[in-house]
Amino acid sequence: MQRAKKHPRSIVIIKPCCLGDLIMTTPLLEVLYRAYPEARITYVAGSWSKVIPEHHPAVTEVIDCGSVGIPGRYSLRDYRAFARRLRALHFDMAFVLDRSPMLTLLPWLAGVPRRVGPDSKGRGFSLTDRVPVSSSSEHLQHEADIYLDLARALKLPIEQPSMRFVPTPQECQTAQHYQGTQIAVFVGGGSNPGMDLTAKRWPLERYRALVQKLVWDLGARVLLIGGPGDAPLTQQLLEGLEVPTGSVLDLAGKTSIGELAAQLEACSLYIGNDSSPMHLAAAVDIPVIGIFGPTSPEEYGPYPTNDPRHIGLWKHPTRQPCFFLGKMRECQNCTCMQAITVEDAWEAVQRLVPSGSDHEVRP
């Protein structure tokens, strides 16, 4: 236990799902890597999400937990078998980055002597280091800061934490480059193995109007990005779009996550809904405009939130998110996405868009 406290040689991070959530854990990974340079860092992630830690240099090994940790997707037999698998690896310390009591219990069953994690509503009962988390919608914390609070509780040094994703050289070779301003636009989102929350999507007709302004008024080339499930939406957006040939390219469903990151790295700006591509854009260090409705940028915005190149557009009437503590609250007057206008988005673009070869934010 003494070694686990002061000089852990083997650390396991547990966060099965989902892509955007795992990207928000990467600032903590950087802190742990610097605080424990001799330690082996293993990341436990689901099959859908393991691509994120696989692209972080702090991670030594990634263990695929399949669907364990995703509610309704695994059996007790699967869970117990995975606990035995972890026990055989003899970890000194565990960081459980999930508020599920089943996941906080996992390293206890695996015999990990020191277990650190957020304690929300008492669900961290099996942890040795329980770090309080706000359960009030009037006191919102960014998810990345909740994870960093674990490091703060251990008094680990934190400098300038940021999200990070490093595409491979092979993935970088697939990216399309452009001499002028190239902007990634994401119209989908809100769908992952954990839940569907399509209320997070800004109206498609507003994206169409914004894309036309980006092309005609800015002279930009626009890349429509996304996964295979977003392809029908990008096809809809293209219908009736009056722009020069080649000025808008549809890449939805045509890239892996790593290739998408490399493509974002070759862009001047990301514009889109609160989603994993938004976090991926921040993780490859490009300017980001995130459009928010039921979720709050204070909790899920591009990180760090004080970066002037990160803008979260949010006009929720109560300033309290409808999606909170992992659940969507009933909304009688769902106007938050409609409240954000094309003009709001265009003003944000004008603040962030590079001028010529200058990639600094305009004052």
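Each remark here, short or long, concerns the structure printed above.
Residues numbered from 1 in each chain as written. Predicted model: local features only at pLDDT ≥ 70, side-chain atom pairs only at ≥ 80, totals over all residues. Heavy atoms only, no water.

Draft legend 1. Representation of the environment of Gly-189. Summarising the element assignment, Gly-189 is placed in the loop between strand 7 (182-186) and strand 8 (191-192). Given the relative accessible area of 9%, Gly-189 is considered buried. Gly-189 sits 13 residues away from Trp-202 along the chain, and the two C-alpha atoms are 9.9 Å apart. (Helix = DSSP H or I, 4+ residues; strand = E, 2+ residues; numbered from the N terminus. Buried < 20%, exposed > 50% of the residue type's maximum accessible area, 1.4 Å probe, protein only.)

Draft legend 2. Geometry of the pattern of salt bridges. Using the criterion set out here, one finds 16 salt bridges in the structure. Where Arg-130 meets Asp-119, a salt bridge forms, and the shortest distance between an N and an O atom there is 3.0 Å. Taken together, the positions of Arg-130 in strand 6 (residues 129-132) and Asp-119 in strand 5 (residues 114-119) put the pair eleven residues apart, joining distant regions of the chain. A residue is classified by how much of its surface remains accessible, and Asp-119, at 15% relative accessible area, is buried. Each of Glu-30, Arg-34, Glu-159 and Arg-164 takes part in salt bridges that share partners, so that together they form one network. (Salt bridge = Lys/Arg side-chain N within 4 Å of Asp/Glu carboxyl O.)

Draft legend 3. Geometry of the state of the cysteines. Per the stated rule, a full pass over the model turns up one disulfide. In this model Cys-17 forms its disulfide with Cys-18; the gap between the sulfur atoms is 1.6 Å. Across the S-S bond of Cys-17 and Cys-18 the torsion is about 55 degrees, and the bridge reads as right-handed. The pair formed by Cys-17 and Cys-18 is uniform in burial state, with each residue classed as buried. (Disulfide = S-S within 2.5 Å.)

Draft legend 4. Inspection of the packing of aromatic side chains at higher detail. Summed over all chains, the structure comprises two aromatic pairs. Note on Trp-202 and Tyr-207: the rings are 4.9 Å apart at their centroids and 85 degrees apart in plane angle, and the pair reads as edge-to-face. Tyr-207 matches Trp-202 in its accessibility class, with the two residues each being buried. One Lys or Arg, Lys-213, reaches over the ring of Trp-346 and ends 4.7 Å from the middle of that ring. (Phe/Tyr/Trp six-rings, centres within 6.5 Å; stacked < 30°, edge-to-face > 60°. Lys NZ or Arg CZ within 6 Å of the ring centre and 35° of its normal.)

Draft legend 5. Region of the structure containing the pairing of strand 12 (residues 269-273). The buried count for strand 12 comes to five of five residues, which makes it a mostly enclosed element. Across four bridges, the pairing between strand 7 and strand 12 is parallel. In the sheet register, Ala-184 faces strand 12, and the bridge partner there is Tyr-270. As for the winding sense of the linkage, the β-α-β connection from strand 12 through helix 12 (residues 276-283) to strand 13 (residues 288-292) is right-handed. (Pairing = 2+ DSSP bridges. Right-handed = clockwise from strand over helix to strand, strands pointing away.)

Draft legend 6. The nonpolar core, seen in detail. Residues Ile-13, Leu-32, Tyr-36, Phe-95, Ile-225, Leu-264 and Tyr-270 are the most contacted members of the largest nonpolar core, which totals 55 residues. Dropping the residues within four chain positions of it, Tyr-36 is found in contact with Lys-6, Pro-8, Ile-11, Met-93, Leu-154 and Leu-156. Val-187, Ile-271, Met-337 and Ala-348 belong to the second-largest nonpolar core, a separate cluster that totals 33 residues. (Core = buried A, V, L, I, M, F, W, Y, C linked by side-chain atoms within 4.5 Å. Contact = heavy atoms within 4.5 Å.)

Draft legend 7. Main features of the sheet that holds strand 7. An order of 11-10-7-12-13-14 is seen for the six strands of this open sheet, with the pairing classed as parallel. For this open sheet the edge positions go to strand 11 (248-250) and strand 14 (310-314), each flanked by a neighbour on one side alone. Adjacent strand axes in the sheet meet at a mean angle of 15 degrees when their direction is disregarded. The strands touched by helix 9 (residues 204-216) within the sheet are strand 7, strand 10 (221-224), strand 11, strand 12 and strand 13, with strand 7 carrying the most contacts at an inclination of about 180 degrees. (Axes fitted to C-alpha atoms, helices over the stretch in contact; angles between N-to-C directions.)

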